[in-house]
Amino acid sequence: MRRRGPDFRRPGRRRFSNVFWFTVCGFLVLVFIVLLSQETQQPTSRSAVSKRAYRHDRLIEGLNITEEMMSPDSITRQLSDQLSLAKAFVVIAKESNNLQFAWELSAQIRNSQVLLSDAALRRTPLTLGESETAVRDMAILLYQAQQLHYDSATMIMRLKGRIQGLEEQMSSLSDKSSKYGQIAAEEVPKSLYCLGVRLTTEWFKNLNLQRKLKEKKQIAMRLKDNNLYHFCVFSDNILATSVVVNSTASNSKSPDKVVFHLVTDEVNYAAMKAWFSMNSSRGVTVDVQKIEDFSWLNASYVPVLKQLQDSDTQNYYFSGNNDNGRTPIKFRNPKYLSMLNHLRFYIPEVFPALKKVVFLDDDVVVKKDLSPLFSIDLHHNVNGAVETCMETFHRYHKYLNYSHPLIRSHFDPDACGWAFGMNVFDLVEWRKKDVTGIYHYWQEKNVDRTLWKLGTLPPGLLTFYGLTEPLNPSWHVLGLGYTNVDPQLIEKGAVLHFNGNSKPWLKIGMEKYKPLWDMYVDYSHPLLQQCNVH
């Protein structure tokens, strides 16, 4: 058989060899790539696992959780649970006045805490041997606590009883505080009583004072001149009245045009005259009258005086025994029947020649010139006053008894309240509308005290209902005798009112507001020093 030539066989062998080597090289490259990818993935996986383990360790460390604490047989855990329960029983034992048992529990708590602290410092779990005594002693004390009925249900009942007792005690103390506060507010300080006595003595022994008063009679025409600024104050407090006059005069742009009409009672009449005869007030005209000189002010005309003749009224205000103490003491204050307090409803009759006056309480301080009040247009209303209904508790329904049909049918319960203490009265409109007659009507309807109970403001709200012109709030700032007042309001206020029990001349006065009043008292005056007025 013929053999093929060499040139014919060579090309076939070369093709086979090339394919083989290409296959081997491709396999090696593939293996290399696989190995390389595994090497790159392994560090990443290890890094993620280590990070997760690190976070877990930090979490365990932050929560202070150890394998020993997680174990249900842990001595440390058992001791910690006993401590929590023991601390609760200590409180309960003290509440039950079992101080000896509370002391024993506290001592055992300290022992257990020392064991736990030592174990934490040495970073090894507590052993049964070292903690057995502490666990057993604490268990005995906890058992004794259970025998003493220091369980949750018993404790809840005891706490309820304790709370009820504290509430009753608080109510009793609150009543006593209210009574003592009211008594302190009503009592005349010895220093003011001394001042009245010394002034009265000075009046009757010093003829020069009486001569000065006779000389002032020559200015009687000023008391009726409607071109002047007329103010009226009804008070038996000489020092307080002097502050009203002094502060008004000090802040007036035209003190020579200011006229003060003062009305007091028989007891303080001589003392009041003596004080204002001895002390000038920057040219202000001051006239003093006594209420006993108003012959028309009698029981046949004035409902309040008529009610004073009623035995029930006398018992209500003066005995305090007819309702078993159900009525708060502030409602039973006899000053609310004082004619000096009710004289504000008779201003046109007290000053028949005047057309407009500004009424001031004796517990106010004047900080600005009040002459612009006399040019305010009241729009045919009788009373110019600052409204106090910024809060709901100063609306009519808080002062009046709206369960009474007479009140309910005549007055809006949400009508705005206002304040006595600084009021502008148009006496021409007052006489025209017979406002005093309106006051008499409502005062007679309230003979049984079913329409209102307290003071002169409720009858004032009824009397001047629909006849009151709101004034700018800066004219009259209230609350300095019982609450905190915004300093900006005080700064802008024209008249500052110390309404409330904490009057500035009393020891119970609010210290931070006393300087506003003190600056108009001359404490260097010989009589004030003799009577220790400070």
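So, a few notes on the structure that sits alongside this text. (Residues numbered from 1 in each chain as written. Predicted model: local features only at pLDDT ≥ 70, side-chain atom pairs only at ≥ 80, totals over all residues. Heavy atoms only, no water.)

Glancing now at the nonpolar core. One finds F231, F260, L262 and L360 to be the most contacted residues of the largest nonpolar core, which totals 61 residues. Those residues in contact with L360, other than ones at most four positions away along the chain, are F231, C232, V233, V244, T248, F260, V366, G421 and M422. (Core = buried A, V, L, I, M, F, W, Y, C linked by side-chain atoms within 4.5 Å. Buried < 20%, exposed > 50% of the residue type's maximum accessible area, 1.4 Å probe, protein only. Contact = heavy atoms within 4.5 Å.)

Read across the sheet, seven strands follow the order β3-β2-β1-β4-β7-β6-β8 without closing on themselves; strand pairing throughout is mixed. If you trace the sheet from one side to the other, it starts and ends with β3 (285-290) and β8 (468-470), each paired once. Here the strands of the sheet are splayed against their neighbours by 25 degrees on average, with no regard to which way each runs. Note that strand β1 (residues 229-234) and strand β2 (residues 258-264) share six bridges and pair parallel. Its bridge partner being in β2, C232 is matched across the sheet by H261. Along the sheet, helix α9 (residues 238-251) makes contact with β1, β2, β3 and β4 (356-360), crossing β2 at roughly 175 degrees. Along the sheet, helix α10 (residues 266-278) contacts β2 and β3; its crossing angle with β3, the most-contacted strand, is approximately 165 degrees. (Pairing = 2+ DSSP bridges. Helix = DSSP H or I, 4+ residues; strand = E, 2+ residues; numbered from the N terminus. Axes fitted to C-alpha atoms, helices over the stretch in contact; angles between N-to-C directions.)

Before going further, it helps to examine the state of the cysteines. Per the stated rule, a full pass over the model turns up two disulfides. Put simply, C194 and C531 are joined by a disulfide, and their sulfur atoms are 2.1 Å apart. Every disulfide takes its handedness from the sign of the S-S torsion; for C194 and C531 that torsion is -70 degrees, giving left-handed. With C194 in helix α7 (residues 190-205) and C531 in the segment after α21 (526-530), the pair connects residues that are 337 residues apart, well separated along the chain. Given a relative accessible area of 6%, C531 falls into the buried group. Note on cysteine connectivity: C389 is disulfide-linked to C416, with sulfurs 1.5 Å apart. (Disulfide = S-S within 2.5 Å.)

Another point: the pattern of salt bridges. Summed over the entire model, instances satisfying the criterion amount to seven salt bridges. Note that E266 is salt-bridged to K290, the shortest N-O span being 3.1 Å. With a gap of 24 residues between them, E266 in helix α10 and K290 in strand β3 connect regions that are remote in the sequence. On the accessibility criterion, E266 (43% relative accessible area) is partly exposed. Under the relative-accessibility criterion, K290 is labelled buried at 15%. The residue K514 makes a salt bridge to E511 at a minimum N-O spacing of 3.7 Å. In this structure K514 comes out as buried when scored by relative accessible area, which is 14%. Of the residues examined, E511 reaches a relative accessible area of 56% and is grouped as exposed. One salt-bridge network, in which partners are shared between bridges, spans E429, K432 and K433. (Salt bridge = Lys/Arg side-chain N within 4 Å of Asp/Glu carboxyl O.)

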